[in-house]
Amino acid sequence: MSYLIKGAALPSGRRADIRIAGGALAEVGGPLTAGPGEAVVDAEGLVALPGLVDIHTHLREPGREDAETVLSGSRAAAAGGYTCVHAMANTNPVADTAGVVEQVWRLGRAAGYVDVRPVGAVSVGLQGLHLAELAAMARSAAQVRVFSDDGQCVWDPVLMRRALEYVKGFGAVVAQHAQEPRLTEGAQMHEGVVSSQVGLAGWPAVAEESIIARDVLLAEHVGSRLHVCHVSTAGSVEIIRWAKARRIDVTAEVTPHHLLLTDERARTYNPVFKVNPPLRSSDDAEAVRAALADGTLDVVGTDHAPHPREAKDCEWAAAAFGMTGLETALPIVHQLMVETGRMTWQDVAAAMSARPALIGRVADQGRPLAAGEPANLTLFDPSARWTVEPERLQTASGNTPVAGWELRGRTVATFWAGRATVLEGEVV
Amino acid sequence: MAATEVLDGPDIGRAVQRIAHEILEQNHGPEGLVVLGVPTRGVPLATRLAAAIKRVEPGWDQALGRLDVTMYRDDLSRAPTRAVGRTELPAGGIGGIDGATVVLVDDVLYSGRTIRAALDALADLGRPKTVRLAVLVDRGHRELPIRADYVGKNLPTAAAERVRVLLEETDGRDGVLIEGAER
Amino acid sequence: MKHLLSAADLGHDQAVAVLDVAEEMAATQAREIKKLPTLRGKTVVNLFFEDSTRTRISFETAAKRLSADVINFSPKGSSVSKGESLKDTVLTLGAMHTDGIVVRHPASGAPYQIAHSTWTDASVINAGDGTHQHPTQSLLDAMTIRRRLKGGQAGQDLSGLAVMIVGDVLHSRVARSGVDLFTALGAKVTLVAPATLLPVGVEAWPAEVFHDLDRALAEAPPDALMMLRVQRERMSSAGGGFFPSPQEYAREYGLDAPRLAALAPHALVMHPGPMNRGLEITSEAADGARSVIVEQVANGVAVRMAVLYLTLTGAKEPGA
């Protein structure tokens, strides 16, 4: 099937027609005329972005198919404008062998909505004791290039050092969930004024910052590549800024929810706002917004973390950490960063497509919208208004933190490898 | 809203005076009399009534108190939450009403439910020999088999009308008004 | 008042009003017939997910004095251990047409969640949640202070008084609700504890903080001195290592004879109980003339009667 997209605004702001044929962008420019049998997509007023790439997604399969499956998560990703997601390793069984990562990769291919790139565990069973067989995962059909114990911190400094060294052999990266475990035992929310008042055990910023500080120094020492997941504090931003100034090879991500929300939400005791790392202070939220705008934080990663209803329909302390994000990330970035003039669409394309693809070494994703490039793109309507209704989202779980919010901007169409996965706002 | 004044200050004074005499007459003197006001406006009325009795019978010990009936009401789930008032019994305190002739004093007798609550409250405080009821206004529309022994003025009213008793102590002036647009 | 979830929800006037009602309730408790018909036909469930015989008995007494039917339910020993959720427990109570649920729960916020859920439309009274709030405890403390130091007349608040709270503020719901309520009532609140037992963020509380008890007693002499219970297990490494030893804690923060002697003649000694005699308070202080600890317990029943009365009567608000 070939498509002709008429009148889209490229990230540069230039208006163009885009012809998709044979899985590639056949022509970008125009005006172009539709050929026989070519479907025309009216993109007047829409922004064309390279297909989004999520560096941090939990698809839950295998093991927690009650929360999400590779299929439902893939559809959610497509609906949010994504053409590639990195599926985190904390499944059951853990993705710590070539067998499991290949299973996830094949499930992604079978689902057929996005490029599902499995993340391999750093340590066996996420236990933080022994390195998993990283090379086997890297050389498997899944070609794993991102390793992470996400959900757990690689706390042992020796294990972290070994992992950073070992992945150099196949150009991969270690993505760290920075959380000092002793400082966060029983932690429920950001430690600060709000936690002192609502009586929930605090998760201090220093527990994140101390691990990031250690890790950037380790990465420098062994000359390896480090990625920091879900940066949430102003102090973490400062450390990463310092590390980059020292030319340490570190990249960092921020989630839409840490850009948008603060620890004030915990006053409602609604466990949908329980997430790890926790929602921080308004100063922290402003710091990560500024750092995303100035490039200190390289990418937006959703940390899409679906949970079944019963995991959130309980006491805060008993609830699971995490919130969904694939279908709301781009509108949130649009509202917070683009409408406010802090980022251009080119910046968004870099932070949500090109750079995450580069971090994950995904060759055919995150490419510019130019003739000859793979046909991975999404069309976003910045003028659309929609109310988030959890039951109408594609994800199998309802734990979106923006339920009931009216968001500005919506994905109208997504094309992955030349195939339309979303058309007229509906997953196809 | 149209308001008609049916009793003025001197009327109220005369009514209290008359009730005092009636009480003394029926009781054959002040022996064992205890006057209890039912908040809100029953309390100043009881004070006036006790003073009037005392003027006639200076030897009376002026046994005066207040009986809050809030916690005995049967409409606590229907009306907005009420503030709880204080119950104060005259000297002798708890048990001080045992064997006494208690005169309950209220401003308006209407459904009878307040007095029903007052009788229950009284029963929890002791065992009077007799309980009598004095009201400034009886406006009819009883919902319970209760009647007043002493009435300042019988006022036939429509249910839609509102009777407002104003007293110097609580409202800055004395008067009884009937309010209701249809009158 | 539909629920009582946090002392922070009570403004000055509402707090005074609760204390006024509590005084009237206390007056009825001096009578031969203590039972009032006020809540006849209402059902109150004491839902205690955490052991507290004292608080439970106090609520039970209060409800029974108001003629409510009382059901005690301690899921710890029954369904929760079998994995029943908070939600299912509350749904079950809702199906039984419960009017009021008195909740004690180890998780902060559980009463708030129940009150704001669709699981029940009953009134919810927080009888202590995690390290969050214990509003009826603070109300009975305020009632005790007001009565002892101001006379207990209707309309009075705690303005002009200084309340000092000493001990494990970090883990104390009594301290949190106390700071909220006493300051709302116009009192000045001082907190005294080692920094390990104060929460990060305490600097934003409306209270002055000291780490040195003797200095605090000298510089901010209290009219009421409230000693908090300190759990011995908090000193162990597994318990968080908050202080080195009970001996050191008692020396630094215990209320002993010299500190007792340093108090103003009128000053009250208070403790929410149960006490660790010899740790945060000596027997001399606990049993001395200034101690109002037993009075606190008595006032607890009156305060809980007032709270039950105020939450369970009144026409249902539209949509509530």
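Residues numbered from 1 in each chain as written. Chains lettered and ligands numbered in written order. Predicted model: local features only at pLDDT ≥ 70, side-chain atom pairs only at ≥ 80, totals over all residues.

For chain B, the helix and strand inventory stands at four helices and eight strands. When the helices and strands of chain B are placed in sequence order, the string is β-α-β-α-β-β-α-β-β-β-α-β. In terms of overall dimensions, chain B is globule-like: its C-alpha atoms have a radius of gyration of 16 Å, near the 16 Å expected for 183 residues. Based on the C-alpha atoms only, the size of chain B along its principal axes is roughly 50 × 40 × 30 Å. Across the 183 residues of chain B, 40% fall into the buried class. In chain B, 67% of the contacts between residues at least 6 apart in sequence involve partners at least 24 apart. (Helix = DSSP H or I, 4+ residues; strand = E, 2+ residues; numbered from the N terminus. Rg over C-alpha atoms; globule rule 2.2 N^0.38 Å. Buried ≥ 20, exposed ≤ 12 C-beta atoms within 10 Å, placed from the backbone. Contact = placed C-beta atoms within 7 Å.)

A few words now on the packing of helix H4 (residues 157-166) of chain A against helix H6 (residues 205-222) of chain A. Residue and element names in this part refer to chain A. Packing of H4 against H6 brings their axes to within 10 Å, and their N-to-C directions diverge by 45 degrees. On the basis of the axis angle, H4 is oblique to H6. As for the relative orientation of H4 and H6, their crossing is right-handed in sense. Along its contact with H4, which presents Pro157, Met160, Arg161, Leu164 and Glu165, the element H6 presents Arg214, Asp215, Leu218, Ala219 and Val222. (Axes fitted to C-alpha atoms, helices over the stretch in contact; angles between N-to-C directions. Parallel < 35°, antiparallel > 145°, perpendicular 65-115°, else oblique. Left-handed = near helix turned anticlockwise from the far one by under 90°.)

Residues and elements named next belong to chain A. Here five strands make up an open sheet; going across it, the order is E9-E10-E13-E14-E15 and the pairing parallel. A strand with exactly one partner marks an edge of an open sheet, and here the two such strands are strand E9 (146-147) and strand E15 (299-300). Bridge count between strand E13 (residues 226-228) and strand E14 (residues 250-254): three bridges; the pairing is parallel. Within E14, the position partnered with leucine 226 by the bridge is valine 250. (Pairing = 2+ DSSP bridges.)

Time to look at the interface of chain C and chain A. Listed per partner, the contact involves 19 residues of chain C and 17 residues of chain A. Mapped onto the side of chain C that touches chain A, the elements with two or more residues apiece are helix H3 (86-95), helix H4 (110-115) and helix H6 (173-184) of chain C. Sorting elements by how many residues they give to the side of chain C that touches chain A places H4(C) first, with three residues.

On to the nonpolar core, then. Core analysis: the biggest nonpolar cluster contains 297 residues, and Ala48(A), Phe147(A) and Leu49(B) have the highest contact counts within it. The element contributing the most residues to this core is helix H11 (residues 293-312) of chain C, with eleven residues. With residues near it in sequence (within four places) discarded, Ala48(A) still touches Ile5(A), Ala8(A), Ala9(A), Leu10(A), Ile18(A), Ala43(A), Leu369(A), Leu377(A) and Leu379(A). (Core = buried A, V, L, I, M, F, W, Y, C linked by C-beta atoms within 7 Å.)

Here we take up the environment of Asp106(B). Along the chain, the position of Asp106(B) falls in strand E4 (residues 101-109). Considering only alpha carbons, one finds Asp106(B) and Leu177(B), 71 residues apart in sequence, at a separation of 16 Å.

Quick look at the pairing of strand E8 (residues 224-227) of chain C now. All names here are of chain C. Side-chain alternation along E8 places Ala224 and Met226 on one buried face and Leu225 and Met227 on a second face that is also buried. Pairing analysis gives four bridges linking strand E5 (residues 162-166) to E8, with the strands arranged parallel. Looking at the pairing, valine 163 lines up with alanine 224 of E8. Taken together, the three bridges between E8 and strand E9 (residues 268-270) define a ladder with parallel strand orientation.

As a further point, take helix H5 (residues 135-150) of chain C. All names here are of chain C. With 16 residues, H5 extends 21 Å between its outermost C-alpha atoms, agreeing within 8% with the 22 Å of an ideal straight helix rising 1.5 Å per residue. In terms of burial, H5 is largely enclosed, as twelve of its 16 residues are buried. All of the buried residues along H5 are Pro135, Thr136, Gln137, Ser138, Leu139, Leu140, Asp141, Ala142, Met143, Thr144, Ile145 and Arg146. Downstream of H5 by a residue or two, glycine 151 has a phi angle that is positive, lying close to 110 degrees. (Expected span 1.5 Å × (residues − 1).)

Right, let's get into the packing of helix H1 (residues 70-79) of chain A against helix H2 (residues 98-111) of chain A. In helix packing, the relevant descriptors are the interaxial angle and the interaxial distance, both defined with respect to the helix axes. Residues and elements named next belong to chain A. With their axes 9 Å apart at the nearest point, H1 and H2 run at an angle of 60 degrees to one another. Classified by the angle their axes make, H1 and H2 are oblique. Crossing geometry of H1 relative to H2 is assigned as right-handed. Contacts between H1 and H2 involve Val70, Leu71 and Ser74 from the first element and Val104, Leu107, Gly108 and Ala111 from the second. Taken together, the residues that form the contact of H1 with H2 break down as five nonpolar, two polar and no charged. (Nonpolar A, V, L, I, M, F, W, Y, C, P; charged D, E, K, R; others polar.)

This part covers the sheet that holds strand E6 (residues 188-192) of chain C. All names here are of chain C. Taken in spatial order, the five strands of this open sheet run E7-E6-E5-E8-E9, and their pairing is parallel. Unpaired on one side and paired on the other, strand E7 (208-210) and E9 mark the two borders of the sheet. Ignoring strand direction, the axes of neighbouring strands in this sheet form an average angle of 20 degrees. Here three bridges tie E6 to E7, and the two strands are oriented parallel to one another. Looking across to E7, one finds that valine 192 is bridged to phenylalanine 210. Across the sheet, H6 is in contact with E5, E6 and E8; its angle to E6 comes to roughly 155 degrees.

Another aspect to go through is the environment of Gly37(B). Residue and element names in this part refer to chain B. Relative to the helices and strands, glycine 37 is located in strand E2 (residues 33-37). You can call glycine 37 buried: it has 27 C-beta atoms within 10 Å. In this view, glycine 37 contacts Gly42, Val43, Leu45, Ala46, Thr47, Arg66 and Val105; residues no more than four positions away in its chain are not counted.

All names here are of chain C. One can read the domain layout of chain C as domain 1 (7-134 + 298-312) and domain 2 (135-297). Spacing between the C-alpha centres of domain 1 and domain 2 amounts to 25 Å. At the junction of the two partners, domain 1 supplies 29 residues and domain 2 supplies 30 residues. Every element with two or more residues in the side of domain 1 that touches domain 2 is listed here: helix H1 (12-28), strand E4 (123-129) and H11. Here the side of domain 1 that touches domain 2 takes eight residues from H1, the largest share from any one element. Across the side of domain 1 that touches domain 2, the residue classes break down as 13 nonpolar, eleven polar and five charged. (Domains from an automatic or database assignment.)

The subject of this paragraph is the arrangement of the chains. Sorting the two pairs of chains in contact by contact count puts chains A and C at the top. What separates chain A from chain B at the closest point of their C-alpha atoms is a distance of 27 Å, and the two make no contact.

In this section: the confidence of the model for chain B. Confidence in the prediction for chain B averages 92 pLDDT; 96% of positions are at 70 or higher. Of all the helices and strands in chain B, strand E1 (residues 3-7) of chain B carries the lowest mean pLDDT, 92, while strand E5 (residues 130-138) of chain B carries the highest, 97. (pLDDT = per-residue confidence, 0-100.)

To continue, consider the confidence of the model for chain C. A residue-level look at chain C finds 96% of positions with pLDDT of 70 or above and a mean pLDDT of 93. Taken together, the chains of this predicted complex give a pTM of 0.92 and an interface ipTM of 0.92.

The next subject is unusual backbone geometry. Residue Glu61(A) is joined to Pro62(A) through a cis peptide bond whose omega torsion reads 5 degrees. Checked against the element boundaries, Pro62(A) lands in the loop between strand E6 (52-57) and H1. Pro277(A) follows Asn276(A) through a cis peptide bond whose omega is -5 degrees. Of note, Pro277(A) is situated in the loop between helix H8 (256-260) and helix H9 (282-294). Positive phi values are uncommon outside glycine, yet Glu424(A) reaches one of about 50 degrees. The exposure class of Glu424(A) is exposed, given the 10 C-beta atoms found within 10 Å. Within the chain, Ser67(C) stands out as a residue other than glycine whose phi angle is a positive 70 degrees. Given 15 C-beta atoms within a 10 Å radius, Ser67(C) is considered partly exposed.

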